[in-house]
Structure formats: C-alpha cells, structure tokens
Amino acid sequence: MAIELKERPAPPSPREITTKPRRSDQVFRMVVTAGGMASLVILGLIALFLSIKGVHILVEEKFGFITGSAWEVITDESGAVTQSNFGIGAMLIGTMLSAVIAISVGVPISVLSALYLTFYANGKVKKFLISVIDLMAAFPSLLFGFWGFFVFMSSAEYWAKLINKYLGFIPIFDVPTPIFERSPFIAGLVLAIMIIPIVTSISREIFDQTPLDRVQAAYALGATKLAMIKAVVIPYGRGGIIGGAMLGLGRAMGETVAVYTVLNVVYQVNWQLLFGAGGNVASLILLKFGEAGPYEVDALMAAGLILFLLTLLVNATADLLITRFGGKGR
C-alpha cells in the first residue's frame, strides 16, 4: 500500500519590522529638538557675549576682581578713564549669605507644604492652595521687593533684634551699630518667600510620583501616615528635593530687583547677617549700569560673567547631588 506524501508549503517570508515613526512623531521630535537646541544656543551666546565684553577686565584685575571690595573709576576732564579698581568680593559674600538664608528658611517650609498638599489636603482646599502657589511663582520680583520694603520690613527688623539680643554672642549675629533695617537677613527672608513656590511645586510633583505599592505596603505593615512619609516618601523624593533646592538657590543668587529694594548696598565685606549693610552681584549691576561709562560697563559684564559661571557651578553641583543621593530611596 503506497503512502502519498504531501509537500510542506513554503514558509512565509519574514515580516519586516520597522521602527520608523509616524509623520506626526517626526514633526514633534523636530520641534522639541529645535526648542532644546535653541535654549542651548541662546545660553552659549550669552556666555560668549559676557566673555567678549568682560574677559579683558578679568585679565587686567586678575584675582583681585573676585577678592577685592572696592569699585572705583576715576576719569579726567575728557571722560577718559585714568584709574580704576574693580572688585566684587563683598558682593559675592553678600550673594552667598542671602542665598544661604533663603535656602535655610525656604526649603524646609517648601517640603512641609508639599507634603501637606500631597498627603493631607483634600478637595477644594488642595486645589485652592495649589493655584495660589502656582500664582505666587509667577509674581514679578518688583512686587516682592515692594512688599518686603513696605510691609515685611518692620516684622523682620523685630525678629532681627530678638536674634541679636539672645544670640548676639555668635559673631554672625553680632551688630556693631544698632542698624537692623535692609540687612542680609531681611533680604534672605524675602528671597526665601520668593523661592518657596518653586521648591514647593517641584517637591509636590515628586511626592505625587511615589509608587502606590510602596505606600500601601507601608500601611499594610502598620505604619502611620507620618511613618510612611519618613520611610517611603522622603527617601523616594530626595533627589527632587535636592534639585528643587538647587533651583531655588540659583534663583536666589541671581535675583536683582527684590534684593536691591530691601538691601542696603554697601561696598564692604559684611559677615554680620543682621547688620544693615551688604549687597549682591546682581544689585551691583543694577545700581551701576545706568551711570556707567563704556569701560565700567565692561567691568559690570565681567561681574555678570562671574555670576553666570557661579550659577552654572550650582547647577552642576545639583546634578552631582541628585546622581549621588537621588537614587537611594528608589
């Protein structure tokens, strides 16, 4: 008995798999890429402009431009510069003091506010507070400066007197002359209020992304809400908190109008936080730019270049801190 064998059909040709995006995806990618590259190009052009205008001042003044505290320009009858002495050391110290005060006061308040909005506030109260915080982030600096000068100054001056009375034995809280108005302490508090909306918004977004399974696992093990926040939310959001704090620090270091309004700009090194004298680099540029000649404008551009590099350093430090500590709680 013969068995008829049927030939197997030929296997189908392999299907070609392609990862070519759709036309809409290509257009969106081009728009996003162009926007990102445009920001980098603008940032590079700003750095190039500041370098062209200010590098020769840095070469002439050398390291004294960073360590010195005098800002003097002497001209002859024709307006030509005969002698100059530029130094932003005192302004750099004032910048760092005000920014450190802002971070020390603003970041804890921001983190606590973000935790409240994420895990405690409910319904209309939460929506209202989030809207208010987002609106505060859009307020112009001039409004903060006027509010700090006309409304907040008296209360902050009273707090400064209390700190000086009970902690005056600490050198940074000592006051050589009882002048408490327009001090780095008051400027730092105004800056703290300015950065609170930014840091709060960033922290809240990070806390909202906490994995729900980890939150439920903490509750299943009998943890209270506070214990869950300490064991799960804070470790998970550590990187976001650091990033928000560094972003607020950059905002505080580069703030101009608000600091100029509430701070008494004096060209001398002042380590006393409560004493009404100081300044920062941005307020120096604002104060001198209107009456400066071409040579002094170049010096102000050199000061802007130093502030620009300092801000880049802060951002780079933020990236390192996020990389170093941000992943431990995840």
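Every chain begins its residue count from 1, and numbering advances along the sequence as written. Since the coordinates come from a predicted model, pLDDT governs what is reported: local features require at least 70, and pairs of side-chain atoms require 80 or more to be given and counted, while whole-chain, interface and lining totals use all residues. Where side-chain values are given, they derive from all heavy atoms of the structure, hydrogens and water being excluded.

(A) Main features of the overall build of the protein chain. Secondary structure summary: the protein chain contains 12 helices and 2 strands in total. In the protein chain, the succession of helices and strands from N to C terminus is α-α-β-β-α-α-α-α-α-α-α-α-α-α. We compute the radius of gyration over the C-alpha atoms and compare it with the globule rule, which gives 2.2 Å times the number of residues raised to the power 0.38. The C-alpha atoms of the protein chain give a radius of gyration of 28 Å, which is well past the 20 Å a tight globule of 330 residues would have. Each of the three principal axes of the protein chain carries a C-alpha extent, and together these read 125 × 55 × 35 Å. Throughout, exposure labels follow a simple rule: accessible area from a 1.4 Å probe, protein chains only, divided by the maximum for the residue type, with under 20% read as buried, over 50% as exposed, and the rest as partly exposed. For the protein chain, buried positions account for 40% of its 330 residues. Here, two residues are considered to be in contact whenever any of their heavy atoms come within 4.5 Å of each other. In the protein chain, of all internal contacts separated by at least 6 residues, the share reaching a separation of at least 24 is 73%. Method for areas: the Shrake-Rupley scheme with a 1.4 Å probe, in which residue coverage is limited to the protein chains shown. Accessible surface, the protein chain as shown: approximately 19300 Å² in total, 66% of it carbon and sulfur. In this tally, Lys and Arg are treated as positive and Asp and Glu as negative; His is ignored, and so are the chain termini. Lysine's charge is taken at NZ, arginine's at CZ, aspartate's at CG and glutamate's at CD. Separation between the mean location of the 25 positive side-chain charges and that of the 21 negative ones in the protein chain comes to 16 Å. Helix and strand assignments follow DSSP, with helices taken as H or I runs no shorter than four residues and strands as E runs no shorter than two, numbered in order from the N terminus.

(B) Seen up close, the UniProt feature "domain: ABC transmembrane type-1" (unreviewed entry) in the protein chain. UniProt positions are given in the numbering used here, feature names are shortened, and annotations may be inferred rather than shown by experiment. Here, the residues flagged by UniProt with the feature "domain: ABC transmembrane type-1" (unreviewed entry) are residues 92-318. Secondary structure within residues 92-318 divides into 76% helix and 0% strand; the distance between the first and last C-alpha atoms comes to 20 Å.

(C) Structural view of the packing of aromatic side chains. Note on ring pairs: Phe, Tyr and Trp rings are taken, using the six-membered ring of Trp, and paired if centres are within 6.5 Å. Classes follow the plane angle, with under 30 degrees stacked, over 60 edge-to-face and the rest tilted. Per the stated rule, a full pass over the model turns up 8 aromatic pairs. The interplanar angle of 55° and the centroid separation of 4.7 Å between the aromatic rings of Trp71 and Phe86 together place this pair among those described as tilted. Residue Trp71 is found in strand 1 (residues 71-75), and its partner Phe86 is found in strand 2 (residues 81-86); the two are separated by 15 residues along the sequence. Using a relative accessible area of 1% as the deciding quantity, one classes Phe86 as buried. Judged by centre distance (5.6 Å) and plane angle (75°), the rings of Phe152 and Trp159 are edge-to-face. For Phe152, a relative accessible area of 9% translates into the label buried.

(D) Main features of the environment of Tyr267. Note that Tyr267 resides in the loop between helix 10 (257-262) and helix 11 (281-289). Those residues in contact with Tyr267 that sit more than four places away from it in its chain are Ser69, Trp71, Met91, Leu284, Leu287 and Lys288.

(E) Focus on the environment of Val265. By the secondary structure assignment, Val265 is in the loop between helix 10 and helix 11. In this structure the C-alpha to C-alpha distance between Val265 and Met91, which are 174 residues apart in sequence, comes to 8.7 Å. Leaving out residues up to four positions away in the same chain, Val265 has contacts with Met91, Tyr260, Gly278, Ser283 and Leu287.

(F) Here's a closer look at the pattern of salt bridges. Criterion for a salt bridge: a side-chain nitrogen of Lys or Arg within 4 Å of a carboxyl oxygen of Asp or Glu. Throughout the structure, instances matching the rule amount to 5 salt bridges. Arg204 is the salt-bridge partner of Glu205, the closest N and O atoms lying 3.7 Å from each other. Assessed through its relative accessible area of 40%, Glu205 is described here as partly exposed. Of the charged contacts, one joins Glu255 and Arg251 as a salt bridge, the two residues approaching to 3.3 Å between their closest N and O atoms. Through salt bridges with shared partners, a single network forms among Arg204, Glu205 and Asp208.

(G) Inspection of helix 9 (residues 238-254) at higher detail. Given a helix with a known number of residues, its expected span is that number minus one, times 1.5 Å. A rise of 1.5 Å per residue sets the reference length of helix 9, with its 17 residues, at 24 Å; its end C-alpha atoms lie 25 Å apart and thus fit the reference within 8%. Counting buried residues in helix 9 gives 13 out of 17 residues, a clear majority hidden from the surface.

(H) How the structure looks around the nonpolar core. Take the buried Ala, Val, Leu, Ile, Met, Phe, Trp, Tyr and Cys residues and link them wherever side-chain atoms come within 4.5 Å; each set so joined is a nonpolar core. Counting 52 residues, the largest nonpolar core has Leu115, Phe119, Phe207, Met228, Val233, Leu249 and Leu274 as its most contacted members. Elements with a contribution of two residues or more to this core: helix 3 (89-119), helix 5 (141-167), helix 6 (184-208), helix 7 (212-220), helix 8 (225-236), helix 9, helix 10 and helix 12 (294-325). Top contributing element to this core by residue count: helix 3, with 11 residues. Once residues within four sequence positions are removed from consideration, Val233 is found in contact with Leu115, Phe119, Phe207, Thr210 and Met228. Counting 25 residues, the second-largest nonpolar core is a separate cluster that includes Ala282, Leu284, Ala292 and Ala302.

(I) Representation of the UniProt feature "transmembrane region" (unreviewed entry) in the protein chain in the model. Feature annotation in UniProt assigns "transmembrane region" (unreviewed entry) to the following positions: residues 30-52, 88-116, 128-152, 185-207, 228-249, 269-287 and 299-322. With 95% helix and 0% strand, the stretch residues 228-249 has end C-alpha atoms that lie 29 Å from each other. Counting secondary structure, residues 299-322 comes out at 100% helix and 0% strand; the distance between its end C-alpha atoms is 35 Å.

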